Amino acid sequence: MGMTLFDSPSFANHEGVHSVFDEKTGLRAIIAVHSTARGPAVGGTRMWNYASSAEALEDVLRLSKGMSYKNAVADLEMGGGKSVIIGDSRTQKTPELFAAFGRCVDTLGGIYYAAEDVGVSVADIAEARKVTPYVLGLSDGPEASGDPSPVTAEGVFRSTLLAARRLWKQDDLTGLTIAVQGIGHVGGYLADKLHAAGAKLVMTDVNTALLSEVAARTDAEVVAPDAIYDVKADIYAPCALGATLNPQTLDRLTVKAVVGAANNQLATPDIGQKLFDRGILYAPDYVVNGGGIINVASELNARNSGGAYDPAWVEAKLSRLMETLEEVLDRSAVEKRPTHEIADSIAEARINAARDLKAEQRKAA
């Protein structure tokens, strides 16, 4: 007998897990709602050719809980959720598929808002938008927040400055070498900001054409993808795949800090402890890269207020996120605990406070 949903270690008290199917389009998707304590669950939609539905379930549960923490740590009035569509995004995408997905999201009545993620574009989300209001990340209309990458990059940049202030007592990045892994969407914007602040960059990416273009304008040294871990650098900025901090790479890093845009940078939680033991400042990924979801949240905010996209609101939330990062680093030093554990406990405290308040209000009613 196989494992059931409730036995999965990733189940983590999800409020709801919805398996959805549409016969006509062949849509097979799972929508996971981890928490709505702080507001409607918000999280991207990933289209991936999973080997099995069990693998898809595991992924969506993990990612959905991660969104609860990310949204709470960014102090957004949103809970966490995620959806995955099982299929090949290169060959199986149709407007009808995303309309069917939109109808499934719509049946949840607004407890979950979908946005784009791996394998899903703004255009795909726009198809879903035709049948449901419960999607975010639009490219047109007054509330549209557009591409979140520049805001994500700005958050990563400010986090890097914060690390530099703590470790080297300097207000810019002059004289510091930063190893940037992945200069795709966010990494390109980030490289420009780091370069402008005086950093010496060493970079890699699998897309060699883009790599040489960004390297040229940022005076960067280019290395092969695997060589990035061996670069004599002050800061490592993982901005590509997840799990690049693992037993194979740890001993190769000579950096004093890790500050990057990638999701799920720690292959396993104990890597966070190992970084801490080695005196490497690890700025927790979902704190550092929260700019993107703040940008998406601005859309929900605009829609709820009947207003338009508000850069000042985004800026206020980004500043607040940096205060939270300061708190994470301060507490890590005082409590002698790894930063990822501190970030989790801050997120949990905020989620639990909201949940308790809701329970009180229900009793009062």
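Note that this is a predicted model, so its numbers are computed, not measured. Sequence order as written defines the numbering, with residues in each chain counted from 1. Reporting in this predicted model follows two pLDDT cut-offs: at least 70 for local features of residues, and 80 or more for side-chain atom pairs to be given and counted; totals over whole chains, interfaces and linings ignore these cut-offs and use all residues. Hydrogen atoms and water are omitted, and side-chain values are computed over all heavy atoms in the structure.

A.B. asks: It is not clear to me how the layout of surface pockets should be interpreted in this structure. Could you clarify?
C.D. replies: Space left empty within the atom packing is revealed by a probe, the size of a water molecule, rolled over the atoms. Space inside the second largest pocket adds up to approximately 300 Å³. In this structure, the second largest pocket is lined by 15 residues; those nearest its centre are N13, H34, S35, I351 and R355. Per the convention used, a helix needs a DSSP run of H or I reaching at least four residues, while a strand needs a run of E reaching at least two, with both numbered from the N terminus. Looking at the lining of the second largest pocket, the element that brings in the most residues is helix α11 (residues 339-364), giving six residues. The classification used treats Ala, Val, Leu, Ile, Met, Phe, Trp, Tyr, Cys and Pro as nonpolar, Asp, Glu, Lys and Arg as charged, and all other residues, Gly among them, as polar. Residues of the lining of the second largest pocket, tallied by class, amount to four nonpolar, five polar and six charged. A cavity here means a set of 1 Å grid points, computed over protein atoms only, where a 1.4 Å probe fits but cannot escape. A pocket is an open set with protein on both sides within 12 Å along at least 5 of 7 lines, and lining residues have an atom within 4 Å of a point. Grid points are joined across faces, edges and corners, and a volume is the space filled by probe spheres set on the points.

A.B. asks: What am I meant to see in the sheet that holds strand β8 (residues 221-222) here?
C.D. replies: Strand pairing in a sheet takes place through backbone hydrogen bonds and is either antiparallel or parallel in direction. When DSSP finds two or more bridges between a pair of strands, those strands are recorded as paired. Strand order in the open sheet made by the six strands is β8-β7-β6-β9-β10-β11, with parallel pairing throughout. This sheet does not close on itself; its edge strands, each paired only once, are β8 and β11 (281-282). Strand direction decides the pairing type here: strand β6 (residues 177-181) and strand β7 (residues 200-204), joined by five bridges, are parallel. Residue pairing in the sheet places V180 in a bridge with M203 of β7.

A.B. asks: Help me out: how do you make sense of the packing of helix α4 (residues 149-168) against helix α10 (residues 311-335) in this one?
C.D. replies: The geometry of a pair of packed helices is captured by two quantities: the angle between their axes and the separation between those axes. Here an angle of 0 to 180 degrees is reported between the N-to-C directions of two axes, which are lines fitted to C-alpha atoms, with helices fitted over the stretch in contact. Packing of α4 against α10 leaves a shortest axis separation of 10 Å and a crossing angle of 35°. Crossing handedness for the pair α4 and α10: right-handed. Residues V151, E154, G155, R158, S159, L162 and R166 of α4 form the contact with α10, whose participating residues are V314, E315, L318, S319, M322, L325, E326, L329 and D330. Take the far helix as your reference; a near helix turned counterclockwise from it by less than a right angle gives a left-handed crossing, and one turned clockwise gives a right-handed crossing. Here, two residues are considered to be in contact whenever any of their heavy atoms come within 4.5 Å of each other.

A.B. asks: Explanation requested: unusual backbone geometry in the structure shown.
C.D. replies: A negative phi angle characterises most non-glycine residues, just as the trans form characterises most peptide bonds. One non-glycine residue, A12, lies in the positive phi region at around 45°. Counting through the fold element by element, A12 comes out in the segment before β1 (16-22). The exposure class of A12 is partly exposed, given its relative accessible area of 25%. For D75, which is not glycine, the phi dihedral falls at a positive 55°. We call a residue buried when its accessible area falls under 20% of the maximum for its residue type, exposed when it is over 50%, and partly exposed in between, using a 1.4 Å probe and counting protein chains only.

A.B. asks: I'm lost on the pairing of strand β2 (residues 27-35) in this one. Help?
C.D. replies: Here is the key point about a regular strand: its side chains alternate between the two faces of the sheet. β2 sits mainly inside the fold: eight of its nine residues count as buried. As judged from the seven bridges shared by β1 and β2, these two strands associate in the antiparallel manner. Each bridged residue has a counterpart across the sheet, and for V17 the counterpart in β2 is A32. Once β1 ends, the chain turns through four residues before running back antiparallel as β2, passing G26 with a positive phi of about 80°. Pairing of β2 with strand β4 (residues 79-86), which is carried by six bridges, proceeds in the antiparallel orientation. Note that in β4 the partner of V33 across the bridge is G81.

A.B. asks: It is not clear to me how helix α7 (residues 269-277) should be interpreted in this structure. Could you clarify?
C.D. replies: Each α-helix winds once per 3.6 residues, and so residues spaced three or four apart point in a common direction. Looking only at α7, the buried set comprises I271, G272 and L275. Viewed end-on, α7 has its buried residues packed into an arc of 105°, placing them on one side of the element. Opposite the buried face of α7, by more than 90 degrees, sit the exposed residues P269 and D277. Contact partners of the buried residues in α7: β11 and α11. Phi turns positive, to about 75°, at G279, one or two residues after α7. Along the arc lie the directions from the helix axis toward the C-beta atoms.

A.B. asks: Would you explain the packing of aromatic side chains in this entry?
C.D. replies: A ring pair, where both rings are aromatic, is described by two values, the distance of the centres and the angle of the planes. Centres within 6.5 Å make a pair out of two Phe, Tyr or Trp rings, where for Trp the six-membered ring is used; the pair is then stacked when the planes are under 30 degrees apart, edge-to-face when over 60, and tilted otherwise. Tallying each qualifying case throughout the model produces three aromatic pairs. Ring centres of Y113 and Y134 lie 5.4 Å apart, and the angle between their planes is 85°; on these two criteria the pair is classed as edge-to-face. Of this pair, Y113 sits in strand β5 (residues 112-116) while Y134 is found in the loop between α3 (122-129) and α4, placing the two residues 21 residues apart along the sequence. With respect to burial, Y113 and Y134 carry one shared label: buried.

A.B. asks: How do you make sense of the environment of C104 when you look at a structure like this?
C.D. replies: Among the secondary structure elements, C104 is positioned in helix α2 (residues 95-107). A residue is classified by how much of its surface remains accessible, and C104, at 13% relative accessible area, is buried. Excluding residues that lie within four positions of it along the chain, C104 makes contacts with V20 and L27.

A.B. asks: What is the right way to read the sheet that holds β4 from this model?
C.D. replies: If you walk across this open sheet you meet the five strands as β1-β2-β4-β3-β5, and the pairing is mixed. The open sheet has two edge strands, β1 and β5, and neither has a second partner. The mean angle between the axes of side-by-side strands here comes to 25°, regardless of whether they run parallel or antiparallel.

A.B. asks: Which parts of the structure should I look at to understand the side chain of Q265?
C.D. replies: Position of Q265 relative to the elements: it lies in the loop between β10 (257-258) and α7. In this structure Q265 comes out as buried when scored by relative accessible area, which is 0%. The term polar contact refers here to a pair of N or O atoms within 3.5 Å; inside protein, the definition further demands a hydrogen-donor-capable atom paired with an acceptor-capable atom, and it admits residues adjacent in sequence only when both atoms are side-chain atoms. A distance of 3.0 Å separates a polar side-chain atom of Q265 from the backbone oxygen of A262. Residues in contact with Q265, not counting those within four places in the same chain, are P238, A243, T244, L245, V258, G260, Y282 and D285.

A.B. asks: Sorry if this is basic, but what is going on with the pattern of salt bridges here?
C.D. replies: One side chain can pair with another of opposite charge once the charged atoms of both are near each other. We define a salt bridge as a contact between a side-chain nitrogen of Lys or Arg and a carboxyl oxygen of Asp or Glu at a distance within 4 Å. Summed over all chains, the structure comprises 31 salt bridges. Residues E326 and R166 are paired through a salt bridge, measuring 2.9 Å at the closest nitrogen-oxygen approach. Remark: R166 occurs in helix α4 and E326 occurs in helix α10; sequence separation between them is 160 residues. In this structure E326 comes out as partly exposed when scored by relative accessible area, which is 30%. K363 serves as the salt-bridge partner of E360, at 3.7 Å between the closest nitrogen and oxygen. With E360 and K363 both in helix α11 and three residues apart, this pair spans about one turn of that helix. With a relative accessible area of 47%, E360 lands in the partly exposed category.

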